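Architecture and fold: a report
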Amino acid sequence: MLAIASLAALALSVQQVAAHGGVLYYSNGGNWYKGFTPYNTPVGQVTIQRPWNTYDPILDATAPTVSCNDDGNSLPAGQQLTATVAAGSSITAYWNNPWPHPTGPVLTYLAQCPGSTCTGVNSNTLRWFKIDEAGLLSGTVATGVWAAGKMVAENNTWTSTIPASVPSGQYLIRFETIALHSLPAVTLYPECAQIEIVGGGSRAPTAAELVTFPGGYRNTDPGLVVDLYGQAAQTQYVTFYFLLSDFINR
Ligand SMILES: *[C@@H]1O[C@H](CO)[C@@H](O)[C@H](O)[C@H]1NC(C)=O
Ligand SMILES: [Cu+2]
């Protein structure tokens, strides 16, 4: 009886897990990086990814977990690795397969850490700038092709280019997809990894291009309140209130 009950509970939790997810791997420059394994103890996990603990989405764009899908802390030194990434190179995030939410934008941010490593730096203390974003690629909000659909079609991956102009240094990279199908409930899936950018340039982001998380999003931002069903014929998708300019390879 007990065994049957716990089997049912396990089946339920696997089902719930399969409905959501996160970034499980990264690749850059021919290197493959396994991410943090959620639902497991952080003890003994060694990875470039910041720890995160649930496949569930973040349901509040101002939640204290919105920077890196956790409390913002790194793994301990020794377990928290940093990938060396060349400025101008592309880095790919791999969501779980299959990613279940093809309707919504995909966004990528960087945040520079103040010292000689991001390890020990809480992600909520950093200021972020956007290096990549894509929303509605074609068609209408109800039936068109979204960036998240492209991500699913491309092996559940999203590839962003580290701008060649970004200064070398220690950074967190934050890949995010936002599922819009259940609005007005926002569902955000951000995930972070530590990288050291080498061979960079001298174009640091301006103050106007930097945001904090939480802080960068409001639950009332146009990109978070689009009604896919009520405004089904709409062909425009406005991303985010705070974006003053794009910081994409210039
Ligand atoms: C697709 O993604 C999986 C990880 O989810 C990876 O193991 C596999 O190599 C990828 N396939 C291709 C063709 O890149
Ligand atoms: Cu989900």
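The structure reproduced in this document is the subject of the present report. Sequence order sets the numbering: in each chain, residues are counted from 1 along the sequence as written. Working convention: letters from A go to chains and numbers from 1 go to ligands, in the order in which they are written. In keeping with the predicted nature of the model, local features appear solely for residues at pLDDT of at least 70, side-chain atom pairs appear and are counted solely at 80 or more, and the whole-chain, interface and lining totals rest on all residues. Hydrogens are left out, water is left out, and the side-chain values use all remaining heavy atoms of the structure.

**With respect to the coordination of the copper ion (ligand 2)**
Note that water is not among the atoms considered, so a metal site may appear incomplete; the donors listed are N, O and S atoms within 2.8 Å of the metal, with 3.2 Å applied to Na, K and Ca. Donor atoms from the polypeptide that coordinate the copper ion (ligand 2) comprise Ala19 (O), His20 (ND1), His101 (NE2) and Tyr189 (OH), at 1.8 to 2.7 Å from the metal. With four donor atoms in place around the copper ion (ligand 2) and angles of 75 to 164° between them, the coordination shape is irregular. As a motif over one chain, the donors of the copper ion (ligand 2) read A-H-x80-H-x87-Y. Remark: Tyr189 occurs in strand 11 (residues 187-198) and Ala19 occurs in helix 1 (residues 2-19); sequence separation between them is 170 residues. Exposure is judged per residue with a 1.4 Å probe applied to protein chains only, and the accessible area is read against the type maximum: over 50% gives exposed, under 20% gives buried, and values in between give partly exposed. Assessed through its relative accessible area of 29%, Ala19 is described here as partly exposed. Its relative accessible area of 2% is what places Tyr189 among the buried residues. In short, tetrahedral needs four donors with all angles between 85 and 135 degrees, square planar needs four and octahedral six donors with opposite donors over 155 degrees apart and all other angles between 65 and 115, and whatever is left is irregular. Strands here are runs of E lasting at least two residues and helices are runs of H or I lasting at least four, both read from the DSSP assignment and numbered beginning at the N terminus.

**Points about the environment of Thr140**
Counting through the fold element by element, Thr140 comes out in the loop between strand 7 (136-138) and strand 8 (145-146). It only takes one pair of heavy atoms within 4.5 Å for two residues to be counted as in contact. Leave out the neighbours within four places in its chain, and Thr140 touches Trp146, Ala232, Ala233, Gln234 and Thr235.

**Side note on the state of the cysteines**
By convention in this document, the label disulfide applies to cysteine sulfur atom pairs within 2.5 Å. For the structure on display, the rule yields two disulfides. In this model, Cys113 is linked to Cys118 through a disulfide, with the two sulfur atoms separated by 2.0 Å. Sign of the S-S torsion, about 105° for the bond between Cys113 and Cys118, identifies this disulfide as right-handed. Of the two residues examined, Cys113 and Cys118, each falls in the buried class. Each bonded cysteine of the protein gets a number by its place in the sequence, and the pairs then read 1-4, 2-3.

**Looking at the sheet that holds strand 9 (residues 157-161)**
Strand pairing requires that DSSP identify at least two bridges connecting the strands. Taken in spatial order, the four strands of this open sheet run 2-1-4-9, and their pairing is antiparallel. Edge positions in the sheet fall to strand 2 (31-34) and strand 9, since each has one partner strand and no second. Averaged over all pairs of adjacent strands, the angle between strand axes in this sheet comes to 20°, irrespective of strand direction. Note: strand 1 (residues 23-28) against strand 2, four bridges, orientation antiparallel. The partner of Ser27 across the bridge, within strand 2, is Trp32. Where helices are involved, their axes are fitted lines through C-alpha atoms of the stretch in contact, as for all axes, and angles between N-to-C directions lie from 0 to 180°.

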